[in-house]
Every structure is written in structure tokens, then in C-alpha cells.
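Secondary and tertiary structure notes
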Amino acid sequence: MKRDYYEVLGVDKSASAEEIKKKYRKIALKFHPDRNSDDPEAEDKFKEASEAYSVLSNEEQRSKYDRFGHAGLGGGGQGFSDFGSFAEDIFGDIFGAFFGEGRGGTPSGRDLATRLEVTLEEAAFGIEKEIEVERPEPCKPCEGTGAKPGSSPQNCVQCAGAGQIQIQQGFFSIARPCPRCSGAGKIISDPCNSCDGKALVVEKGKLSVKVPAGIDHGQRLKLKGEGEKVAGGIPGDLYVEIHVKKHKVFERRGTEIICEVPLTYAQAVLGAEVDIPTLTGTEKLKIPSGSESGKIFKRKGEGIEDLRSGRKGDLLIRTYVAVPKSVNGREKELLEELSTIEGKPVAEEVSFFDKLKDFFD
Ligand SMILES: [Zn+2]
Ligand SMILES: [Zn+2]
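Residues numbered from 1 in each chain as written. Chains lettered and ligands numbered in written order. Predicted model: local features only at pLDDT ≥ 70, side-chain atom pairs only at ≥ 80, totals over all residues.

This paragraph deals with the overall build of the protein. For the protein, the count of helices and strands is 9 helices and 15 strands. Sorting the 361 residues of the protein into buried and exposed places 24% on the buried side. The contacts in the protein between residues at least 6 apart in sequence include a share of 63% that link residues at least 24 apart. (Helix = DSSP H or I, 4+ residues; strand = E, 2+ residues; numbered from the N terminus. Buried ≥ 20, exposed ≤ 12 C-beta atoms within 10 Å, placed from the backbone. Contact = placed C-beta atoms within 7 Å.)

Structural data, given as C-alpha cells:
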């Protein structure tokens, strides 16, 4: 059952055109789909009111309706699907003020993303870096309207600047992007020469990025408002994804830094003081005598700090006994002598097959 149009708008049958317009304006502003995107009931109310207004604002239609009710309008009547035909004049002033930017509400720029490469040291201690960005910004000559300076975009007649139209299907109506303006809500009849009517142009610029100490590979920094900029709207955000370059000697595991340091057999057996790399330079590390290959030495707090707590991780030095690929004559002599003392003769020319034979004997 269709509700009475006067009831829908909450006006008397004797209401003046001005009164009807005023009431409709109030309802339309309250229930406009752009302000109630998740509320289908609001959309229904908006459509109901719009339909009522489309009839009651038209003298001829109103008098027909007054005499014959809904039946007087014939067929589907002036349903919401025909809405566009009368929308221009009323929406021009009703929504012009705050739905001025096409798709209703405040326009917003898209979020953008970029990458920033840093060294492990930079990630560990934080750094401020300059990055180059290319982002769409409002075209200057047309001030981001897309219309030739001196002219201005007009609200689309078909969707009244809403960017979408309602398609009636039986009892239901479905919102579709407006085909006339492609969902923009505005029509530019005289496009700006600089941007071809696109309103935005890609500008190159530089931005300073503060990379916090402790950031890890793949983490993203959000630079609020540094994304796409649109005229009179909220700019998008810029996400900067951090790429930490692979380090020559360090491997990172969370807040820990791991480094492998080779020792000679003699250093491992007799002990030594060796140079080890740290994030800031080099340090001395005392290797006690009789250190097994694979022994780990910990330097507390010399790792990377935790991004949130600020607590510092450790630097882990994993030592291993490096076997030289070749030795000179004197070294060979000493090693052979050593093996004799140890009672473990060096296998001079024992082939793998000789060993295999021993195994089966
Ligand atoms: Zn349109
Ligand atoms: Zn322009």
C-alpha cells in the first residue's frame, strides 16, 4: 500500500509549494543515501519522500493526485525511476551546499603506497630520509574542478549529483552508478586544458620520512594526508613500506642480531682476543681457551631495540673453527707433528675405497 504523499512529507493538504519544498528538503537531507550508506530504511524513506515531492511539487500532478489519489497518476505514476527529470532544479539548491562534490559527502583522495629501502643500521637506530613521491594533486589552473577556468562543473541532471541512480524492479529499487556521469555526480561540459578535465594531475615531490628505530623489513609507515589530494576534500594517506637491505655480516632475528665469527684452530684451543663487528663499529671479544666450535657469545643490549617497548635486543656472536682450504709447507709440518703427538696419524693417502674395504673385512 502506498502511503499518502501529504502524510509522507508531513504536510497538510492545503500546504503551500514553499512549505512542501521546505519539508522535503528536511527529510531529504536527513535520509539521503550518502549520509546513511548502511541504512536501507533511510534509503526507502528518502525515495518515498522524493516520490511524494516529485508529485506534489508539480501543480498538474498535484491536482490529479488530489482528485484521484495514486490512481490518478496512472501506471507506475511518477515513480522514483523518473526522478532525474525534475531533480535538477531542486537538488541544485538543496544539495549544492554540501553534496557539492559529486558522489555526495566530502570527497576523499585514495591511499597510496611506496617503498623505502634502508640499511640494517638505519633500521636499528632510526633515520629521517627524503623520498620522492608522485601523487595526484588538484590541477592548479582549474583548482581541481576539471572545468575550464571561469566555468564550473554542473551537477549531473540524471542523478542530481548523487552519482547513482535508482532502478525500479518490482517492489525493489537498486542503486546503480549513474551512466551519464559515470558515478561522478558532475558533468564537465567545458574541460580544463591543463588536466583534460581529469581535475587531478600527477605531481612529483619530496617528502621527509621519519623511520623509527627498530623498524623491520616489510613494516609500513603511514603518512597521514600524504596520499592523493583532492580539491576541497580529505587527502588519502601514504603508506611507506620499509625494505631493509641484506647485511653483509649480520642476520636479524626480531630484536637480535646474529653474526658468525671464524676462529682458527689455535685460537679456539688456546684462547684469543678477536675483533668482532657491531652495529656501530668493531669491538674486542675475549675467546677463552678451549672454546668449542659453534659457541655463542652474547653482547647484551647491542642488538636492535623493540619498536614498541624500546627494549634493546642482544648481539649474538657465533664462533666456529674455520678450516683453511690450503696450508703452506711449515704449517703442514706443524700439523703433521701435532697429529703424531695426538696419536692420530694423518691419513696420508688412504682412499675412500680402502676405507670401504676395511669396513667389510
Ligand atoms: Zn549522474
Ligand atoms: Zn585542470
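From this point, the narrative continues.
In space, the 3 strands of this open sheet follow the order β1-β9-β8, with mixed pairing throughout. Only two strands of the sheet have a single neighbouring strand rather than two, namely β1 (112-118) and β8 (220-223). Across the sheet, the mean angle from the axis of one strand to that of its neighbour is 25 degrees, orientation sign disregarded. Where β8 and strand β9 (residues 238-244) come together, 4 bridges link them in antiparallel fashion. What sits directly across from Arg220, in β9, is Glu241. (Pairing = 2+ DSSP bridges. Axes fitted to C-alpha atoms, helices over the stretch in contact; angles between N-to-C directions.)

What follows deals with the sheet that holds strand β14 (residues 296-299). Taken in spatial order, the 4 strands make up an open sheet running β10-β11-β15-β14, and their pairing is mixed. Both edges of this open sheet fall to β10 (250-253) and β14, since each of them pairs with a single strand only. In this sheet, neighbouring strand axes are inclined to one another by 25 degrees on average, regardless of whether the strands run parallel or antiparallel. Bridge analysis of strand β11 (residues 256-263) against strand β15 (residues 315-321) gives 7 bridges, and the strand direction is parallel. Bridged to Pro262 within β15 is Tyr320.

Sparse coverage of helix α4 (residues 59-68) is indicated by the burial of 1 of its 10 residues. Where α4 ends, the next residue or the one after it, Gly69, has phi of about 70 degrees, a positive value.

A word on helix α3 (residues 40-56). Helix length check: α3 (17 residues) gives 24 Å between terminal C-alpha atoms against 24 Å at 1.5 Å per residue, within 8%. Among the residues of α3, those classed as buried are Phe46, Ala49, Ser50, Glu51, Ala52, Tyr53, Ser54, Val55 and Leu56. (Expected span 1.5 Å × (residues − 1).)

In this section: the packing of helix α2 (residues 17-31) against α3. Contact geometry for α2 and α3: axes closest at 9 Å, N-to-C directions at 160 degrees. It follows from the interaxial angle that α2 and α3 lie roughly antiparallel. The two elements α2 and α3 cross, and the hand of that crossing is left-handed. Of the residues in α3, those touching α2 at Ile20, Tyr24, Ile27, Ala28 and Phe31 are Ala42, Lys45, Phe46, Ala49, Ser50, Tyr53 and Leu56. Among the residues making up the contact of α2 with α3, the classes are represented as 10 nonpolar, 1 polar and 1 charged. (Parallel < 35°, antiparallel > 145°, perpendicular 65-115°, else oblique. Left-handed = near helix turned anticlockwise from the far one by under 90°. Nonpolar A, V, L, I, M, F, W, Y, C, P; charged D, E, K, R; others polar.)

In this structure, β14 lies alongside β15, joined through 4 bridges in antiparallel fashion. Opposite Phe297, over in β15, you have Ile317 as the bridge partner.

Positionally, Asp216 belongs in the loop between β7 (200-211) and β8. Ignoring any residue separated from it by four or fewer positions in sequence, one finds Asp216 in contact with Ala123 and Val244.

Further remarks concern the environment of Asp196. Relative to the assigned elements, Asp196 resides in the loop between β6 (186-187) and β7. Taking the C-alpha atoms as reference points, Asp196 and Lys148, separated by 48 residues in sequence, lie 9.0 Å from one another.

Okay, the confidence of the model for the protein next. For the protein, per-residue confidence averages 84 on the pLDDT scale, and 88% of positions sit at 70 or higher. Note that residues 75-104 has pLDDT below 50 and, in this model, 59 contacts with residues that lie over four places away or in other chains. (pLDDT = per-residue confidence, 0-100.)

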